[in-house]
Amino acid sequence: MNKHILVIPGDGIGQEVTTWGKKVLELIAKKYNHTFSFDSALMGHVAIEATGNPLPDETLAKAKATDAILFGAIGHIKYDNDPSAKVRPEQGLLKIRKELGLYANLRPIKLFDELLGASSIKPEILKGADILFFRELTGDVYFGEKKRSEDRKTASDLMVYSKYEVERIAHKAYKAAQTRGKKLCSVDKANVLESSRLWRETVQEIAILYPDVQTEHMFIDNAAMQLIKDPKKFDVVLTANLFGDILTDEASQIAGSMGMLASASVGDSVGFYEPIHGSAHDIAGRGIANPLASILSVALLLDISFGLKTEANAVIAAVEKTLKQGFRCKDIADKTTSENMICSTDKMGEIVLGNIL
Ligand code: IPM
Ligand code: MG
């Protein structure tokens, strides 16, 4: 197979972890006789520094012309405490999602048994949990009209959804549920929000088309609680942009660490793959970031964008084997991990590469 991949490392630890995602792709190409060509581009704080624009035109043009995108992370501490900043790294990510029509963000919460002890949740509650989130990614308060009054003392972000936006992601989520546990939980706040009532009404209509899938509707506050109380009862979770952003960070604790979670954003054209963790400037440049989320994002890329299931499974198996051998990055180490099994980013990357069959 002949494919082109655009690598956008972004900010902070994005640089360090994406190096390993790319190396995994190179090794897979070699072992399985594919030709993968690469290009790279700037986005986020690094792009602002270089061009003044968090999503330079050149990056967008390259993104539109490639077969798949591997992204790292975005953000810089400098903007976090400066609410008045006009240009922000995150604008780059939001714009590329919109421009590429990446309306469905898939966030699998896969718990490797070896990491049962790394979570702050009790192992018996966690064991067997396997959830696939479908987070809507191009609507909601993220993209609704933003206003600030003239005296600057009142502000609003419009929470807006159109029916077709709910329909298209709901179909994707239901189709996925059919191949998994045949359960779908749609999360909203329909007891309060009009946009959620449209969401629920639309999901109810679509549910009829998938009679083999059992549908449940849950309010976001309840879902946030149930997720930690009994994660095993969830299969596919379908939700809006903001609720999905929050719930998936919470759900990362089910997988032991944010450093383990990969994601795929898909929609109208090219697929975009990224860890769900952020730029983590507190640990950037220290060589301790966990590259497994980037490596697992590569598995999603191979599977979803290229249809290479065997190759994707080889990547996941290599991660599994590495964890079985006892190797841990700092974020997934627990009390039982001995000092010599705690790996740097590069050591973890090397070991996973060595374990790819
Ligand atoms: C995510 C991130 C982004 C989001 C930020 C960086 C804009 O938190 O991908 O979950 O809120 O969508
Ligand atoms: Mg987030």
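Below you will find a few notes about this structure. A quick note: this is a predicted structure, and the numbers were derived from the prediction, not measured.

### Details of the overall build of the protein chain
Here's step 1: In terms of regular secondary structure, the protein chain is built from 13 helices and 14 strands.
Here's step 2: Here the protein chain has a C-alpha radius of gyration of 20 Å; the compact-globule value for 357 residues is 21 Å, and the two agree.
Here's step 3: Here the C-alpha coordinates of the protein chain stretch approximately 55 × 50 × 40 Å along the principal axes.
Here's step 4: Counted over contacts in the protein chain with a minimum sequence separation of 6, partners at least 24 positions apart contribute 76%.
Here's step 5: Here the protein chain has roughly 15,500 Å² of accessible surface; of this, 53% comes from carbon and sulfur atoms.
Here's step 6: Of the side-chain charges in the protein chain, 44 are positive and 47 negative, and the distance between the mean point of each set is 2 Å.

### Let's talk about helix 12 (residues 309-324)
Here's step 1: Taking 1.5 Å as the rise per residue, helix 12 with 16 residues should run 22 Å; its terminal C-alpha atoms sit 22 Å apart, in good agreement.
Here's step 2: Among the residues of helix 12, those classed as buried are Glu-311, Ala-312, Ala-314, Val-315, Ala-318, Val-319, Thr-322 and Leu-323.
Here's step 3: Those residues of helix 12 that are buried are in contact with helix 1 (13-31), helix 11 (292-305), strand 13 (328-329) and helix 13 (345-354).
Here's step 4: Downstream of helix 12 by a residue or two, Gly-326 has a phi angle that is positive, lying close to 100°.

### Concerning the environment of Ile-276
Here's step 1: Among the secondary structure elements, Ile-276 is positioned in the loop between strand 12 (271-275) and helix 11.
Here's step 2: Judged by its relative accessible area of 9%, Ile-276 is buried.
Here's step 3: In the structure, Ile-276 is positioned 66 residues away from Ile-342 in sequence and 22 Å away in space, judged by C-alpha atoms.
Here's step 4: Discounting residues that sit within four places of it in the chain, Ile-276 has contacts with Arg-107, Thr-248, Asp-249, Met-258, Leu-261, Ala-262 and Ser-263.

What counts as what
- Residues numbered from 1 in each chain as written.
- Chains lettered and ligands numbered in written order.
- Predicted model: local features only at pLDDT ≥ 70, side-chain atom pairs only at ≥ 80, totals over all residues.
- Heavy atoms only, no water.
- Helix = DSSP H or I, 4+ residues; strand = E, 2+ residues; numbered from the N terminus.
- Rg over C-alpha atoms; globule rule 2.2 N^0.38 Å.
- Contact = heavy atoms within 4.5 Å.
- Areas by Shrake-Rupley, 256 points an atom, 1.4 Å probe, with all protein chains shown as cover.
- Lys, Arg positive; Asp, Glu negative; His and termini not counted.
- Charge placed at Lys NZ, Arg CZ, Asp CG, Glu CD.
- Expected span 1.5 Å × (residues − 1).
- Buried < 20%, exposed > 50% of the residue type's maximum accessible area, 1.4 Å probe, protein only.

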